[in-house]
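# Residue-level structure breakdown
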Amino acid sequence: MVKPKDKELSKRNTYRNYEIYDLVSAAKKVKAGEVTLYKASKDSGVPYNTLKDFLAKNDDLDHAHVLKMGRPFALPSDIELRVFNFSVEMQELGFGLTVLQIRKLAYDLSEKIGRSHFFNTEKKTASEWWWSKFKERYNLCLRTPEKLSRYRASMANPVMVQDYFKKLDKLLSQLGIKNQPNRIWNVDETGLTYVVKLNKIVFQVGEKYVYKRTYAERGQLQTVLCCVCADGGFIPPMVIFKGIRWSDQLKENSLPNSLIRLSPKGWINSELFLEWFKFFIGAICPARPVVLLMDSPGSHVGPEVIELAKQNEIYLMTFPAHTSHLFQPLDVGVYKSLKSVWAKLLNNHMLLNPNNMPSRSHCHELFTPAFLESFTPLNIIHSFKKAGTCPYNPYVLPAEALAPSRFTDRNGPSSPATPVRKSDLPCDLGQTLSTLSPKDASEEQLQDVEDPLEVPHAPKQTTSEV
C-alpha cells in the first residue's frame, strides 16, 4: 500500500518535466537515425514510452502538435491570436483597447464557440488570471496613451511626410546649408500654468479618499516663445503675461536679455511676433542665409515680418498643418522636458508654500531653472535629430507614428481625404466588441477543443510604409 506522502510525490513526478522542443528534437534525431531511441530519451529527458508513442503517432514531425497538460485554454490558440492581432491593429490606428474590453471580448468569444471556461458569468468578463497569462504569452504591457486629434491623425500620413521632407531637402540644398546646423532654427510658443498633471503619490493601503491639492481648478496661462538652433544653441525667450498694466516686478529673476511683455489675453499676436523677429535678427550670428522653421503662422506673420526676412536672407518654412508633433523639434523633445521640470518645481514649491499661489511676479523663480535644465545642447540637438531635420533623415519616423493615418487615403498634399475601404480595416468599427472576431473564425477553429501548446503562427506585424 502506497503511503499518502509517496502517492503525492508520485503524482508530482508524472507532470511533464521537459520542453516541447526537446521532444520534437529528440524524435527528429531518432527518425534520422542519428541516435537510438534509448539514447535520445536519456539525453533529452523525455520518457522512453512518451518518445516512442510520439514517433508512432506523428509521421510529419515538422507539423506535429503536442497537447498541453491540464485544463484546456479558454480560447483556441488561433482565436486567441486573432484577439492579439486585433488589439495591436486597433492600438496602431489610435483606438487602443482597455483591459476590460479585451476581457469582455474573450468572454463573448468563448460563449459563442461553446467553449467551457471558468470566467465570471455575472460580470461577463474573462478572469484577471486569464488576462495576466494572455499578457505574458504575447509580451503586452499597459501604457497611458498620448491624445491625438483626428486632424493630426489624418495629416500625419506617408504622402504628407514625403512631401514635407522633399521640400525641406530642396530648400536646404539650394541654400547650401544642409550640413550647417548653425543656420537652421526653430521657433514655437507654448503655455505654462500653475495647474499641472498629477503624478502618482504614496498612500496607505485601505484609504478611500486620496487627494492632491492644486492651486486652482484651472491655471492662468503664461505664454513662452522659444527659439533653438540645430547646433544646440538658443536665444533668450519671450515670456508673455496676461494683462495691460505693466510692473517692473514681472522682470524679477528672469533670464538675462529675455523679453517680458503683456497682452490682453496672454497670447502672442502680430505686434509681439514682429518685435520678437527683430530681436531674433539681432541675436543670431551674422552668417546668412538662415532657415527658420515654424508652425503655420496664421495672424502672427504680417507683411513687415516677410519684408524683414527678405532683407536679412531669412527663409521662413512652415510645417504642414497638424503635424508639429512629428516635425517640430521643440515639440518633439525640448518642450516635453520643459513641462516635466516645470511640474516638478511647481510641486516642490507647493510643499514649501501650500497656501501661497505663485503670482506673475514669481513666475521666473520657477521658469528660469526649468528653462536652464531643459534647454541643454544635448536635448536640443537630439530634438532636431528626432524630427529628421538635422541631420536630414526623411526615414526617421517609424511606421507606428503614421499608422493612425490609415483611416484616410491621400494621393497628394492637396487632394481631399477619402475613407479607406472597409476591407482594409481590422474590423467594422460600427460593431460592438462582442461581434468583432467570431465571424472571421472558420468552423474548424470554432469546433476545436484540444489545442496545441504552441501558437500556430507568429503574431502579425502591422506596418505602414513611408
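A quick note: this is a predicted structure, and the numbers were derived from the prediction, not measured. (Residues numbered from 1 in each chain as written. Predicted model: local features only at pLDDT ≥ 70, side-chain atom pairs only at ≥ 80, totals over all residues. Heavy atoms only, no water.)

## Section: the overall build of the chain
- Counting its regular elements, the chain contains 17 helices and eight strands.
- Burial statistics for the chain: of 466 residues in total, 40% are counted as buried.
- The long-range share in the chain, meaning contacts at least 24 apart out of those at least 6 apart in sequence, stands at 72%.
- As displayed, the chain has an accessible area near 27,900 Å², and 52% of this comes from carbon and sulfur atoms. (Helix = DSSP H or I, 4+ residues; strand = E, 2+ residues; numbered from the N terminus. Buried < 20%, exposed > 50% of the residue type's maximum accessible area, 1.4 Å probe, protein only. Contact = heavy atoms within 4.5 Å. Areas by Shrake-Rupley, 256 points an atom, 1.4 Å probe, with all protein chains shown as cover.)

## Here's the deal with the packing of aromatic side chains
- Within this structure, the stated rule accounts for 22 aromatic pairs.
- Aromatic pair Tyr 194 and Trp 342: ring centres 6.0 Å apart, planes at 20°, arrangement stacked. Here the residue Tyr 194 occupies a position in the loop between strand 1 (184–192) and strand 2 (222–229), and Trp 342 occupies one in helix 13 (residues 329–352), the gap between them amounting to 148 residues. Here Tyr 194 matches Trp 342 in class, with each residue buried.
- Chaining the aromatic ring pairs together yields one cluster made of Phe 84, Tyr 107, Phe 119, Trp 130, Trp 131, Phe 134 and Tyr 138. (Phe/Tyr/Trp six-rings, centres within 6.5 Å; stacked < 30°, edge-to-face > 60°.)

## Side note on the confidence of the model for the chain
- Considering every residue of the chain, the mean pLDDT works out to 78; 80% of them sit at 70 or more.
- Note on residues 1–11: pLDDT is under 50 here. Beyond four places in sequence and across chains, it has one contact.
- Taken together, the stretch residues 411–466 has pLDDT below 50 and engages in 101 contacts with residues farther than four places along the chain or on a different chain. (pLDDT = per-residue confidence, 0-100.)

## Details of the environment of Val 35
- Structurally, Val 35 is set in the loop between helix 2 (20–31) and helix 3 (37–44).
- Beyond its immediate stretch of four places on either side in the chain, Val 35 contacts Lys 29, Val 30 and Ala 40.

## Some thoughts on the packing of helix 2 against helix 3
- Axis separation between helix 2 and helix 3 bottoms out at 9 Å; the angle between their running directions is 155°. Taken together, the axes of helix 2 and helix 3 are roughly antiparallel relative to one another. Where helix 2 crosses over helix 3, the handedness of that crossing is right-handed. Contacts between helix 2 and helix 3 involve Asp 22, Ala 26 and Val 30 on the former and, on the latter, Leu 37, Ala 40 and Ser 44.
- Class assignment of the residues belonging to the contact of helix 2 with helix 3 gives a composition of four nonpolar, one polar and one charged. (Axes fitted to C-alpha atoms, helices over the stretch in contact; angles between N-to-C directions. Parallel < 35°, antiparallel > 145°, perpendicular 65-115°, else oblique. Left-handed = near helix turned anticlockwise from the far one by under 90°. Nonpolar A, V, L, I, M, F, W, Y, C, P; charged D, E, K, R; others polar.)

## Comments concerning the nonpolar core
- Residues Phe 327, Trp 342, Phe 367 and Phe 375 are the most contacted members of the largest nonpolar core, which totals 49 residues.
- Filtering out sequence-adjacent residues up to four positions away, Phe 367 remains in contact with Leu 192, Val 224, Pro 237, Val 239, Leu 255, Leu 338 and Trp 342.
- Core analysis: the second largest hydrophobic core is formed by 26 residues, Ile 240, Trp 276, Val 290 and Leu 308 among them. (Core = buried A, V, L, I, M, F, W, Y, C linked by side-chain atoms within 4.5 Å.)

## Quick look at helix 6 (residues 99–112)
- With 14 residues, helix 6 ought to run about 20 Å at 1.5 Å a step, and its terminal C-alpha atoms sit 20 Å apart, in line with that.
- Looking only at helix 6, the buried set comprises Ile 102, Arg 103, Leu 105, Ala 106, Tyr 107, Asp 108, Leu 109 and Ser 110.
- On its buried side, helix 6 packs onto helix 5 (77–92) and helix 7 (128–137).
- Gly 114 lies just past helix 6 and shows a positive phi near 70°. (Expected span 1.5 Å × (residues − 1).)

## Some thoughts on the state of the cysteines
- Inspection of the entire model under this criterion finds zero disulfides.
- The structure places no disulfide on Cys 285, whose sulfur is separated from the nearest cysteine sulfur, that of Cys 229, by 7.1 Å. (Disulfide = S-S within 2.5 Å.)

## Here we look at the sheet that holds strand 2
- Taken together, the six strands give an open sheet; going across it, the order is 4-3-2-1-5-6, and neighbouring strands pair in mixed fashion. Each end of this open sheet is capped by a strand with a single partner; those strands are strand 4 (259–263) and strand 6 (314–318). Taking the axes of each pair of neighbouring strands and ignoring which way they run, one obtains an average angle of 20° across the sheet.
- Two strands pair when backbone bridges link them, and strand 1 and strand 2 are joined in this way by eight bridges, in the antiparallel orientation. In the sheet register, Glu 189 faces strand 2, and the bridge partner there is Leu 225.
- Lying on the sheet, helix 9 (residues 158–175) is in contact with strand 1, strand 5 (290–294) and strand 6; it crosses strand 6 at an angle near 175°.
- Taken strand by strand, helix 13 contacts strand 1 and strand 2, and its axis lies near 40° from that of strand 1. (Pairing = 2+ DSSP bridges.)

## Quick look at the environment of Arg 213
- Examined against the element boundaries, Arg 213 turns out to sit in the loop between strand 1 and strand 2.
- In this structure Arg 213 comes out as exposed when scored by relative accessible area, which is 56%.
- For the pair formed by Arg 213 and Leu 198, sequence separation is 15 residues and the distance between their alpha carbons is 9.4 Å.
- Excluding residues that lie within four positions of it along the chain, Arg 213 makes contacts with Met 350, Pro 354 and Asn 355.

## Re helix 2
- With twelve residues, helix 2 should cover 16 Å at 1.5 Å per step; its first-to-last C-alpha distance of 17 Å lies within 8% of that length.
- For helix 2, every residue scored as buried is listed here: Ile 20, Leu 23, Val 24, Ala 26, Ala 27 and Val 30. Here the buried residues of helix 2 occupy an arc of 165° about the axis, which is enough to place them on one side.
- Here the buried face of helix 2 lies against helix 3 and helix 4 (48–57).
- Immediately downstream of helix 2, the backbone of Gly 33 shows phi near 80°, a positive value. (Arc of directions from axis to C-beta.)

## Observations regarding the packing of helix 2 against helix 4
- Following both chains from N to C, one finds helix 2 and helix 4 inclined at 70°, their axes separated by 10 Å at the closest point. Our classification of the angle between helix 2 and helix 4 gives roughly perpendicular. Crossing geometry of helix 2 relative to helix 4 is assigned as right-handed. Along its contact with helix 2, which presents Leu 23, Val 24, Ala 26, Ala 27 and Val 30, the element helix 4 presents Leu 51, Phe 54 and Leu 55.
- When grouped by side-chain class, the residues that make up the contact of helix 2 with helix 4 number eight nonpolar, no polar and no charged.

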